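Given next are the chains, with one letter for each unit.
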Amino acid sequence: MVLIDGKAIAEDIRRELKEKVDSVRKQHAKVPGLVTIIVGDNPASRLYVNMKSKACNEIGMMSKIEELSADISEEELLQKVKQYNNNTEYHGILVQLPLPKHINEDRVIESISVSKDVDGFHPVNTGNLMIGKDTFYPCTPYGIKELLKRYDIETKGKHVVVVGRSNIVGKPIANMMLQKKEGANSVVTVCHSAANNLSVYTKQADILIAAIGKANFITEDMVKDGVVVIDVGINRIEDPATKSGYRVVGDVDFENVAKKASYITPVPKGVGPMTIAMLLVNTFEAFTKIEKV
Ligand code: GUN
């Protein structure tokens, strides 16, 4: 069994990007810039935004956190996004979700310039992804694809079974793996919580992608020998033995499923660190396209 080291791969990607950023700075006297917009003071969102900003700075990109009050109106937020659409210093715009209830998330996402949508959430980008056109891949699915690539895991003709159908992970990764492209070209099944008998599907997986949001949901009896397991789950469970009183586990019962797997991602240090690494990749990509370098 091979343990897929997402943390190490994410570090490799960040190191590679730092070199690229250094090089464009020298050649063009410009660097990529990312603005993250956070509305309100949700602690988890704040933590994520700080991590994203720090990661940018560490590789020499410019970053800014735009902190907006929880009672900002939708119109004001749309105006802010528009301002950054027109600001040439910033090549990527990320609006941290969730937004307060009085704001229509779809309207906000649709207001982001398609060429600066480094989250890949704009409907034009999701549509382009579906039809195999140039797009920004959403960061977590992009991270999964990159892990499979860097571990030389064959995807062509393989049966990828995705458990979960969210717009952020399940739907995009299913569409990405379906494309007739390098690192994809798979046969894809998407199943979810409404399935009558989920294990009928999961047992057929050559590559199983668990993104259902339930702790230790995928058990040993649900997979076949030799399966490649990608665990996207981040679930807190109570654990009195730890200082914080909880620990983080994935959607996969790691200890037992690992015995049957050929490759498996741990939680933490599996898919998680890849999300921010791929956000940086997307921001660099937005920069090169906008600046034509
Ligand atoms: N909230 C949770 N995950 C994400 C993400 O990937 N992007 C944004 N913008 N918000 C999130």
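Located above this text is the structure these notes cover.
Residues numbered from 1 in each chain as written. Predicted model: local features only at pLDDT ≥ 70, side-chain atom pairs only at ≥ 80, totals over all residues. Heavy atoms only, no water.

Asker: Where do I start with the sheet that holds strand β8 (residues 228–231) in this structure?
Answerer: Whenever strands of a sheet pair, they do so through backbone hydrogen bonds, lying parallel or antiparallel. Overall, parallel pairing links the 6 strands, which are arranged β1-β11-β8-β7-β5-β6 in an open sheet. Of all the strands in the sheet, just β1 (2–3) and β6 (187–191) have a single pairing partner and so form its edges. In terms of strand pairing, β8 meets strand β11 (residues 263–264) through 2 bridges, oriented parallel. Residue pairing across strands places Val229 opposite Ile264, the latter belonging to β11. (Pairing = 2+ DSSP bridges. Helix = DSSP H or I, 4+ residues; strand = E, 2+ residues; numbered from the N terminus.)

Asker: Can you help me understand the packing of aromatic side chains in this one?
Answerer: In this description, a pair of aromatic rings is defined by centroid distance and the angle of the planes. This model, assessed by the stated rule, comprises 4 aromatic pairs. Taken together, a centroid distance of 5.5 Å and an interplanar angle of 85° make the contact between Tyr84 and Tyr90 edge-to-face. With a centroid separation of 6.0 Å and 40° between ring planes, the pair formed by Phe284 and Phe287 is classed as tilted. Of this pair, Phe284 and Phe287 are both found in helix α10 (residues 272–291), 3 residues apart, which corresponds to roughly one turn of the helix. In this structure, Phe284 and Phe287 share a single accessibility class: buried. In this structure, Arg236 packs its charged tip against the face of Tyr246, placed 3.8 Å from the ring centre. Directly above the aromatic system of Phe136 lies the positively charged group of Lys289, at a separation of 5.8 Å from the ring centroid. (Phe/Tyr/Trp six-rings, centres within 6.5 Å; stacked < 30°, edge-to-face > 60°. Buried < 20%, exposed > 50% of the residue type's maximum accessible area, 1.4 Å probe, protein only. Lys NZ or Arg CZ within 6 Å of the ring centre and 35° of its normal.)

Asker: Please explain the nonpolar core as it appears in this structure.
Answerer: The tendency in soluble globular proteins is for nonpolar side chains to be buried side by side. If you look at the biggest cluster of nonpolar residues, it comprises 48 residues, and the most contacted ones within it are Ile13, Ile144, Leu148, Ile207, Ile209, Ile230 and Val232. Elements supplying a minimum of two residues to this core: α1 (6–28), α2 (43–58), α6 (139–150), β5 (159–163), α7 (170–178), β7 (207–210), β8 and α10. A total of 10 residues in this core trace back to one element, the largest contributor, which is α10. Membership of the second largest hydrophobic core comes to 18 residues, among which are Cys191, Ala205, Val229 and Ile264. (Core = buried A, V, L, I, M, F, W, Y, C linked by side-chain atoms within 4.5 Å.)

Asker: Is there a simple way to think about the sheet that holds strand β3 (residues 62–68) in this case?
Answerer: Across the sheet, which stays open at both edges, the 3 strands sit in the order β3-β2-β4 with parallel pairing between neighbours. Sheet topology places β3 and β4 (92–95) at the edges, where each strand pairs with a single neighbour. Each adjacent strand pair in this sheet contributes to an overall mean axis angle of 15°, direction not counted. Against the sheet, α2 engages β2 (33–39), β3 and β4, with an angle of about 160° to β3. (Axes fitted to C-alpha atoms, helices over the stretch in contact; angles between N-to-C directions. Contact = heavy atoms within 4.5 Å.)

Asker: Explanation requested: the site of the ligand in the structure shown.
Answerer: For the ligand, the full set of nearby residues is Lys52, Leu94, Val95, Gln96, Leu97, Asp119 and Phe121. Taking Val95, its main chain carries an N or O atom lying 2.8 Å from a nitrogen atom of the ligand. One nitrogen or oxygen atom from the side chain of Asp119 is found 2.6 Å from a nitrogen atom belonging to the ligand. Isolated, the ligand exposes 280 Å² of accessible area, and the fraction of that covered by the protein chains is 78%. Among the residues forming the shell around the ligand, the class breakdown is 4 nonpolar, 1 polar and 2 charged. (Near = heavy atom within 4 Å. Polar contact = N/O pair within 3.5 Å; in protein donor to acceptor, adjacent residues only side chain to side chain. Areas by Shrake-Rupley, 256 points an atom, 1.4 Å probe, with all protein chains shown as cover. Nonpolar A, V, L, I, M, F, W, Y, C, P; charged D, E, K, R; others polar.)

Asker: Please explain the packing of α2 against α10 as it appears in this structure.
Answerer: The packing of two helices is summarised by the inter-axis angle and the distance between the axes. Closest axis-to-axis distance for the α2/α10 pair is 10 Å, and the angle between their directions is 55°. Taken together, the axis directions place α2 and α10 in an arrangement best described as oblique. Every pair of crossing elements has a handedness; the one defined by α2 and α10 is right-handed. Counting all contacts with α2, which are made through Met51, Lys52, Ala55 and Cys56, the residues of α10 involved are Ile276, Leu279 and Leu280. (Parallel < 35°, antiparallel > 145°, perpendicular 65-115°, else oblique. Left-handed = near helix turned anticlockwise from the far one by under 90°.)

Asker: I'm lost on unusual backbone geometry in this one. Help?
Answerer: Excluding glycine, most residues fall at negative phi; most peptide bonds, likewise, are trans. Of the consecutive residues Leu97 and Pro98, the connecting peptide bond is found in the cis state with omega at 5°. With respect to the helices, strands and loops of the structure, Pro98 is situated in the loop between β4 and α4 (105–111). Of note, the amide linkage connecting Val267 to Pro268 takes the cis form, showing an omega dihedral of 0°. Assignment of secondary structure puts Pro268 in the loop between β11 and α10. Phi at Asn216 is positive, roughly 50°, even though this residue is not glycine. When you line up the elements, Asn216 lands in the loop between β7 and β8.

Asker: What exactly am I supposed to notice about the environment of Glu16 here?
Answerer: Turning to its location among the elements, Glu16 is positioned in helix α1. With a relative accessible area of 36%, Glu16 lands in the partly exposed category. C-alpha separation for the pair Glu16 and Ser166, spaced 150 residues apart in sequence, amounts to 30 Å. Here the side chain of Glu16 touches Arg150 through a polar contact of 2.9 Å, side chain to side chain.

Note that every value here comes from positions in space, so none of it alone points to a role or purpose.
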